[in-house]
Structure formats: structure tokens, C-alpha cells
Amino acid sequence: MRKYVLLLLLMISLPFPQMALAQADSLYTYTYVVREDGWVNISTKFESNDSGASWVLLPKFERYSLNTLSGSIKNYNITNETSYYFYSNFSFSYSPGTRIEINWSYRFGALIVEPNGAFFSTQIAFSRRDDALILIKIPEKYEIESVEPKGYAIEKEDGYSVIKYYVDGSRNNTLRVLVTFKTEKVEMEEKRIGKLTIVYPKRYEDFAEKISKYYEKSLPLIQDITSVSDEIPVKVNLFVPAKMEDITTQGYTGPRFTSDLITQGEVNLNMMLARMPDYELPLTFIHELLHQYMQASGLGIGVRWMHEGLAQYLSSVIVREMGMNPPEEPDNETYKLVMAHTGGDFSFLLDWRGGGLPGDPSLYYTASLIIVKDLAAKYGGYDVFRRLFAEMRKERATVNTPEELLKYLKRAAGSNITEFFKSYGMIISENQEQTYLMRTAQAYVKHTSWFNPFNGVAEKLLRDDSEENAVLAIYVTILGIMVEALVLAVILGVSVHLLSEKLGKFKKLYQISPNEEGNSTSP
């Protein structure tokens, strides 16, 4: 499964708008009219009774019209370099009574793969000095299933279901809206190229054609890398997001709702890819194809981190071979964040096996990619993985454990790469029992390091990969804990003894005789 990690390209905001009438002197009114063919007509109107200054986003790659209906624009500036990949910033000052209108249409404003539809708004963002009214008109014939975020009103009007948000710009000036709906079922089209079948609605025929072309270009490269000469029958289905978190799930294999399993012969692609940069569709499609072919080559999901890391890395390699230039992943900032968060210890990846998303998908996916990229950098580029699959195919092996993976990676790299994995805190040996023992010893040493006086000795023993030293490291760690406990017990005993002596002296010093006690008087 490929997750979209460059969230800045989407800038998804999930605020809870204030359901209150606009209080500012100036107002933006966003109107989205969803058409049955998926196109969305978009109108952004600005009006103010006073003079002032404001800004709003304009589409960077789509044609639009901007008209002044009344008043005047005094000064303006359009900035293309913004944190919003698809949008420019239009800043302007205006006279009293100014009204402007921006109009444009977007083909992929609503994504429809019958019987499922999803409207996902363009990025709404404007000056905090202003307020906004957002109107989303869905044809009444469509049954609305869900609306995100909360804080909206809905009413019927002229054959549309109209969803309304009133946004107080001083509290929040950005918004994205997702509306999912049901349509009537229609007959799907099919396109076949070799053993690939693409199932799609007729409105997206050009999208299906792109997929077919990427398949023809990438298949020989995928087969060469994975040593799978026979073409695998694969069916490609398109889907639309059902909730906000689906926006960044670009593709997966297997049935819906089991999206982290690799089902042979099935690939699902998110129609959100039509709204992303051109390189994302081939990256995602090839990523999912690689899962299919790597599994056929013998790489199982028992080493899920290697499956995902390879799919991310090799898809980028292949897309570049095809003449496109996707950005490097992870970028420097993401790399630094992951290394700072983990301290360079990626041992958590060893527990990522089989289906199911890990607790922090972004961390796991990025760490997996870092490992694979570094393997390539140190052992001869992506050819090391071509040799890996060749070795596996030669023995018709199924690799489902880190130990089995290490065995074939050693052959592919032509050297012992145990130390490479150890540099990332990943203890792997070719013997499963030895790996378990080494990892147990590592956990003992790691989790007692802050108070164990023999921690340095235990760490030194672990540098040798022998079972004897692993056992010895565990014993040294336990001994250190016992010594620490004994020292603490002695310190506590001495402290209690000294405290008792002081209390005894205190009692003697202030002891009252019986006669003195009898002569005392009460108030």
C-alpha cells in the first residue's frame, strides 16, 4: 500500500467551523456546484463595505476569470511560491464597496466511480481579517452519505442538497470539505493490455489509458528486477475516498477494508491520484505492481517492512527510468525528524509482519524506505535487489522471516551485512533462535541502561554476534541489577539506622518526668 506522505501537496485542514453568521466587515462566499459528470463549477466572491486589504488562493494550474463587479482594486500581487503546491496567493487592497468574483471549473472536483461518489473541495484559505460562507451544491438525485468536518447545515434548494459552513476567519481561515454520496449503478468499461485488466467508468477513459501506458513501459523493468518472467494476471479497480483518512491512501492490493493484505492479482487505485502531481499515478501503480511481482518472486509479508521499503524505492527507480523526475523521498526534513524521533534505532520494524497497519504508518513506511535506500547506496545500487530476487528464484525460496532475508541479502551483497542492520539497531542472524536470543539480550541491556552499573560491559559483549556473549550480556545485566539493588538496600539501611539514632537522641533530650507531667495545668 502506498501512503501519500507529502501532505503539503494536499494541505488538508480539518477544523471545526463556527456555525455563526459572519462578523467581519468583509466576506468571501465560496460556491461549489457539483455536476453529474464530476466537473465542479467554482465561484469565489468577495465583498466589503469598507476599504482594506485581503488575500485569497487562486488555482495555479487551472484557467480562471477574475472580475471586479463594483468598487476598485488598488494594488495587487500574485505569488506562485506558496506552501500550497496547486495554488497561488492573490493579495490585494481595495476601496469601499468593492465586490470581486473569481470563477473556474475543475474536472476532478467530484470523483465518481459508480455507485460511489466523493466531492473534495479545493483548498479554502483566505485572510484572517475576513469571514467566509461555503456553499456546496450536490444534485438532489445523489444520496449524501457523510460530510466532513462537522459544523455544517444542510437544506434543499432548486434540485440540490446544499451544505453550508459559516467560517469565522479570526478563528480559522482554512478548510477542506469531503462529501461522500451514492449514485445509480452503471456498467463499467474494461481495458485489457496483455494480462492486465483495468475496470473504470467511461468518464475516466483517459485515466485508464494512462495506466495502460505506464504498464507497458514499466512491466519489462519490474520483471527484470524481480526475476519473474511470466506476466501475472492483474485486475485494476478504481475507488473514491469514503472518509478523510482515505485521501492519502493512494493505492492498495486486496479487497476493500483489508487494504493492508497483498492479494495476488488485484490492485486498487484511488481516483484522488487524478488530482495529484503527474508522477504520483505511475509511482503508486508501479508500487502496487511491485508488491504483486515481489510476492510471486518469493518475498512474503512476514518481512512487511522490506516489502514496503522496496516497493517505495524501486517504484521511484523505475519511474525515473521511464523519464519522469519525482522528488526524493524522504526529503531531508522528514529524514531528520525520523532519525531524531528514533535515535537511529529501527528495531521496531522487525515486528511489522503480515497485514494490518502499524501504530504510526508514516514512521514505519519512512524508516523502511531509509533502510532500503541505504542498502542500495552501500551495496551497488538497485542491482543488489535484482541479485536478491535472482538468488531467491534460483532456490524457489519463500522469504518470510528476517533470518531468511539476511541469508539471501548476504549473497546478493557479496558480504556479511549483519553489521549494516545492527547500525540501525536491528539484530538479525541467519539462525532464528540466535536472533531471538540476541534481541532479548539487546532489550535487557537497552531497558536497564539508565541504572545498570554494568551496562557498558553488557553493550561491549553484544558487539560480538555470538550466542555465548548474548547469554553473558543477559547475566551481566541481571548481575548489575542485583548489585544496584544491593547498593540501594545498603544505602536505605544505613539511612534508616542514622535516622533511628537521631530520633532516639531527640526523645532523650525532650523527655518529660512523671512529676512534671502531674503539675501541668490545662487551659
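Predicted, not measured: the structure shown is a model, and the values here were computed from it. (Residues numbered from 1 in each chain as written. Predicted model: local features only at pLDDT ≥ 70, side-chain atom pairs only at ≥ 80, totals over all residues. Heavy atoms only, no water.)

A.B. asks: Explain a nonpolar patch on the surface to me, please; I cannot follow it from the model alone.
C.D. replies: A cluster of nonpolar side chains, namely L486, V490, V494 and L498, defines an oily patch on the protein surface of about 370 Å² accessible area. When you line up the elements, V490 lands in helix 11 (residues 467-509). (Patch = residues over 30% accessible without salt bridge, like charges linked within 9 Å, V, L, I, M, F, W, Y side chains within 5 Å. Areas by Shrake-Rupley, 256 points an atom, 1.4 Å probe, with all protein chains shown as cover. Salt bridge = Lys/Arg side-chain N within 4 Å of Asp/Glu carboxyl O. Helix = DSSP H or I, 4+ residues; strand = E, 2+ residues; numbered from the N terminus.)

A.B. asks: Even after reading the chapter, I still don't get the packing of aromatic side chains, so can you show me in this structure?
C.D. replies: When we look at a pair of aromatic rings, we describe it by the centre distance and by the angle of the planes. For the coordinates displayed, the defined rule picks out 29 aromatic pairs. Relative to F126, the ring of Y28 has its centre 5.8 Å away and its plane inclined at 40°; by these criteria the two rings are tilted. Linking Y28 in strand 2 (residues 26-34) with F126 in the loop between strand 11 (124-125) and strand 12 (131-139), this pair joins segments that are 98 residues apart in sequence. Taking the relative accessible area as the measure of exposure, Y28 reaches 1% and is therefore buried. Here the aromatic residues W305, F346, F348, W352, Y364, Y365, Y379, F420, F421 and Y424 are joined through ring pairs into a cluster of three or more. Note that R203 overlies the ring of Y204, its terminal NZ or CZ placed 5.8 Å from the centroid. (Phe/Tyr/Trp six-rings, centres within 6.5 Å; stacked < 30°, edge-to-face > 60°. Buried < 20%, exposed > 50% of the residue type's maximum accessible area, 1.4 Å probe, protein only. Lys NZ or Arg CZ within 6 Å of the ring centre and 35° of its normal.)

A.B. asks: How should unusual backbone geometry be read in this particular structure?
C.D. replies: When glycine is set aside, most residues are seen to have a negative phi, and most peptide bonds are trans. Here the amide bond leading from E114 into P115 is cis, since omega sits at 10°, within 30 degrees of zero. Across the junction of E148 and P149, the peptide omega takes the value 0°, indicating a cis bond. Position of P149 among the secondary structure elements: in the loop between strand 13 (143-148) and strand 14 (153-157). Of note in this structure, D158 is not a glycine but carries a positive phi near 50°. With respect to the helices and strands, the residue D158 is situated in the loop between strand 14 and strand 15 (160-167). Assessed through its relative accessible area of 72%, D158 is described here as exposed. With phi around 50°, R396 is a residue other than glycine that occupies positive phi space.

A.B. asks: Explain the nonpolar core to me, please; I cannot follow it from the model alone.
C.D. replies: One finds W305 and F421 to be the most contacted residues of the largest nonpolar core, which totals 128 residues. Sort the elements by how many residues they give to this core and helix 5 (residues 361-378) lands first, with ten residues. When sequence neighbours within four positions are dropped, the list of residues in contact with W305 reads L349, L350, W352, S368, I371, L405, F421 and M426. Judged by nonpolar contacts, the second largest core, of five residues, contains L57, Y84, F86 and A125. (Core = buried A, V, L, I, M, F, W, Y, C linked by side-chain atoms within 4.5 Å. Contact = heavy atoms within 4.5 Å.)

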